[in-house]
Amino acid sequence: MEHGFLDQYSNVGSFMNRLDPRIKVVSLLAFIIFVVSTNPAAFQAFALYGLILAVLTVLSRIPIGYILKRMLVAAPFILMTALFIPFMQGKTVVHAFALGPVTLTVTREGLLIFWNVLAKASLSLLCAILMTATTGFPELLKALEKLRCPQVIIMVLSFMYRYIFLVQDEFMKMRQAKDSRSVGGPQWLHLKALAGMAGMLFIRSYERAESVYLAMCSRGFGGRIQTFHHFQVTIKDAAFLLTIFVSLIGIRFLSAIHG
Amino acid sequence: MDKIVIEIRNLHYSYPDGTKALSGIDLEVFEGESLGIIGSNGSGKSTLLLHLNGILRGTSQVKILGWDITDKNLPLIRRRVGIIFQDPENQLFMPTVFDDVGFGPMNMGLKKEKVEDAVNRALEEVDMLPFLKRSPHHLSVGEKKRVAIATVLSMEPEILVLDEPSSNLDPKHRREFIGLLQKLQLTKIIATHDLDLVVETCSRIALLDEGRIVAVGKTADILQNRLLLEDYGMIARSP
């Protein structure tokens, strides 16, 4: 069965693909930290961050449509948190809605925070999408491991990457089997079947985990998964890292002068 | 007489819930031979296999290459007895083929270059070298089975143990897979109910039923005994 892969653009031979994954992870973290700590009113700074990401997007050769689709997945979460912010208490009322006995007021301060959340979340998200889409997942894991990320997390992520599609397949097959036999009947019965399927899926995954563990033990697993990497920081990598850091610090400096 | 590599004396095993799975197994495996363990579903084939590298330990004496199965000997035994499980999805658990085939050698504590050598050699042997960097998820069933064999070959075992190796393969890939098994010069133990596979790959057969070995002998002798095979559900009774 076909699945959308997390890292389908990780091997298109773009500039971003060829970068050392460790450099990408470090740049990503730096970028997000800088974005999040920027003064909400520094509009030019946000525009410049956007510009950097636009350049990186072009360098990564990922279709815009793909990135937008990915962003859309996270959009509900951002909007849910941000939706009520404009109605916060504040000094300057921009607009007031009368809803029966309740009056909702949109304040200037609220709007600023709303913009702040939206802009920072979108920029960070875009950055994360760019980094993960241009790096093969196994490479990304190795990079994280080299950067001293705890091994348990790496192992959980690694097994997730290996088995998530399998679980998805199993669910699809179960649903096909259920649909083949569901003819009419009340709606709640279908829901009940769905709940049973979720339980079944859990049991199967649990049993698979046991089998996998046996297979690991058979090949001498001793509690630590070791892997090798072939990473090598080249001049290009160093130049990329330097450019990102100089740009970020430069933007911070500029907005400090203008702000 | 050839050297005995596996010696099982009076092996009993019950599952934690009390179900008896093996009751009194006696079995010898000789160096370089290819032994088929046949039996119907639930006859205890897989359970028996799990005793061959100490994953399960019943009440008895199991000697592998002369060693008793003890905690101290486990790493030695697991390096020399390679078990390939039925479902390759469970055998292949790492994100890339390289990492998976290298998993065993790395656990053996080999240096990077040695591990790379072992991985290349093992994949070469099963004709899967071009798939080195692929994710197991993107392989076909036949390819997964081949890589699964490589994950064990990379540890340079002396005994290869396979559980239902021909399941889920279409005729063409089954044919190729049997060819591969014939090519591998190691002691092999193959548990299956695929009698055609046994004919092509095994020199000797042990017939298992309800946790007991009911017959052991040359492949030809056992497979010509129609009554025996019918009695234990290996072929359908003729009307």
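Here the structure is a predicted model, which is why all the values come from computation and not from measurement. (Residues numbered from 1 in each chain as written. Chains lettered and ligands numbered in written order. Predicted model: local features only at pLDDT ≥ 70, side-chain atom pairs only at ≥ 80, totals over all residues.)

### Some words on the overall build of chain B
Let me state the cut-off plainly: Helix and strand definitions here come from DSSP, where helices need a minimum of 4 consecutive H or I residues and strands a minimum of 2 consecutive E residues; each element is numbered from the N-terminal end. C-alpha atoms define the radius of gyration in this analysis, and the globule rule sets the expected value at 2.2 Å times the number of residues to the power 0.38. Each residue is classified by how many other C-beta atoms fall within 10 Å of its C-beta atom, where C-beta atoms are placed from the backbone; a count of 20 or more means buried, 12 or fewer means exposed, and values in between mean partly exposed. Placing a C-beta atom from the backbone of each residue, one calls two residues in contact when those atoms lie within 7 Å.
Secondary structure summary: chain B contains 10 helices and 10 strands in total. For chain B, the C-alpha radius of gyration of 18 Å lies close to 18 Å, the compact-globule estimate for 239 residues. With the C-alpha coordinates of chain B rotated into their principal frame, the extents come out at 55 × 45 × 40 Å. Residues counted as buried form 46% of the 239 residues belonging to chain B. The contacts in chain B between residues at least 6 apart in sequence include a share of 65% that link residues at least 24 apart.

### Comments concerning the interface of chain A and chain B
As a reminder, the rule being used: Residues were grouped as follows: Ala, Val, Leu, Ile, Met, Phe, Trp, Tyr, Cys and Pro as nonpolar; Asp, Glu, Lys and Arg as charged; and all remaining residues, including Gly, as polar.
Across the contact, 24 residues belong to chain A and 26 residues belong to chain B. For the side of chain A that touches chain B, the leading source of residues is helix H8 (residues 187–218) of chain A, giving 8 residues. Its residues placed into classes, the side of chain A that touches chain B shows 14 nonpolar, 7 polar and 3 charged.

### Considerations on the nonpolar core
Grouped burial of nonpolar side chains is what soluble globular proteins tend to show. Inclusion rule: Definition of nonpolar core: a set of buried Ala, Val, Leu, Ile, Met, Phe, Trp, Tyr and Cys residues joined via C-beta atoms within 7 Å.
Formed by 68 residues in total, the largest nonpolar core has its most connected members in Ile37, Ala150 and Val161 of chain B. It is helix H6 (residues 141–153) of chain B that contributes the most residues to this core, 6 residues altogether. Apart from residues no more than four positions distant in its own chain, Ile37 of chain B is found in contact with Lys45, Leu48, Ile189, Ile190, Ala191, Ala206 and Leu208 of chain B. Membership of the second largest hydrophobic core comes to 23 residues, among which are Met16, Ala45, Tyr49 and Phe240 of chain A.

### Focus on the domain arrangement of chain A
Residues and elements named next belong to chain A. Defined as follows: An automatic or database domain assignment provides the domain bounds reported here.
Looking at the assigned domains, one finds that chain A contains domain 1 (1–149 + 230–259) and domain 2 (150–227). When each unit is reduced to the centre of its C-alpha atoms, the spacing between domain 1 and domain 2 is 32 Å. The partner domain 2 presents 11 residues to the 8 residues of domain 1 that form the contact. Here the residues of the side of domain 1 that touches domain 2 are counted per class, giving 5 nonpolar, 1 polar and 2 charged.

### Brief notes about the packing of helix H2 (residues 21–36) of chain A against helix H5 (residues 108–134) of chain A
How two helices pack is summed up by the angle between their axes together with the distance between the axes. Residue and element names in this part refer to chain A. So the rule is basically this: Structural elements are reduced to axes, namely lines fitted to C-alpha atoms, with helices fitted over the stretch in contact, and the angle between N-to-C directions of any two is expressed from 0 to 180 degrees. In these notes the angle categories are as follows: under 35 degrees is roughly parallel, over 145 is roughly antiparallel, 65 to 115 is roughly perpendicular, and the rest is oblique.
Running from N to C, H2 and H5 cross one another at 175°; their axes reach a closest spacing of 9 Å. With respect to each other, H2 and H5 are oriented roughly antiparallel. Of H5, the residues touching H2 (which contributes Lys24, Leu28, Phe31, Ile32, Val35 and Val36) are Lys120, Leu123, Ser124, Cys127, Ala128 and Met131. Of the residues contributing to the contact of H2 with H5, the split by class is 9 nonpolar, 1 polar and 2 charged.

### What about helix H9 (residues 235–258) of chain A?
For clarity, the threshold we go by: Multiplying one less than the number of residues by 1.5 Å gives the expected span of a helix.
Its 24 residues give H9 of chain A an end-to-end C-alpha distance of 34 Å, which sits within 8% of 34 Å, the value for a rise of 1.5 Å per residue. For H9 of chain A, the complete set of buried residues consists of Phe240, Ile244, Leu248 and Ile251 of chain A.

### So, the sheet that holds strand E1 (residues 4–14) of chain B
Residues and elements named next belong to chain B. So the rule is basically this: Two strands qualify as a pair provided that DSSP identifies no fewer than 2 bridges between them.
Spatial ordering of the open sheet is given by E2-E1-E4-E5, a layout of 4 strands whose pairing is antiparallel. Edge positions in the sheet fall to strand E2 (20–30) and strand E5 (67–68), since each has one partner strand and no second. Note that E1 and strand E4 (residues 59–64) share 5 bridges and pair antiparallel. The partner of Glu7 across the bridge, within E4, is Lys63.

### Considerations on the pairing of E4 of chain B
All names here are of chain B. Looking at chain direction, E4 and E5 are connected through 2 bridges and run antiparallel. Bridge assignment links Lys63 to a residue of E5, and that residue is Asp68. The turn linking E4 back onto E5 is made up of 2 residues, and Leu65 within it adopts a positive phi angle of 50°.

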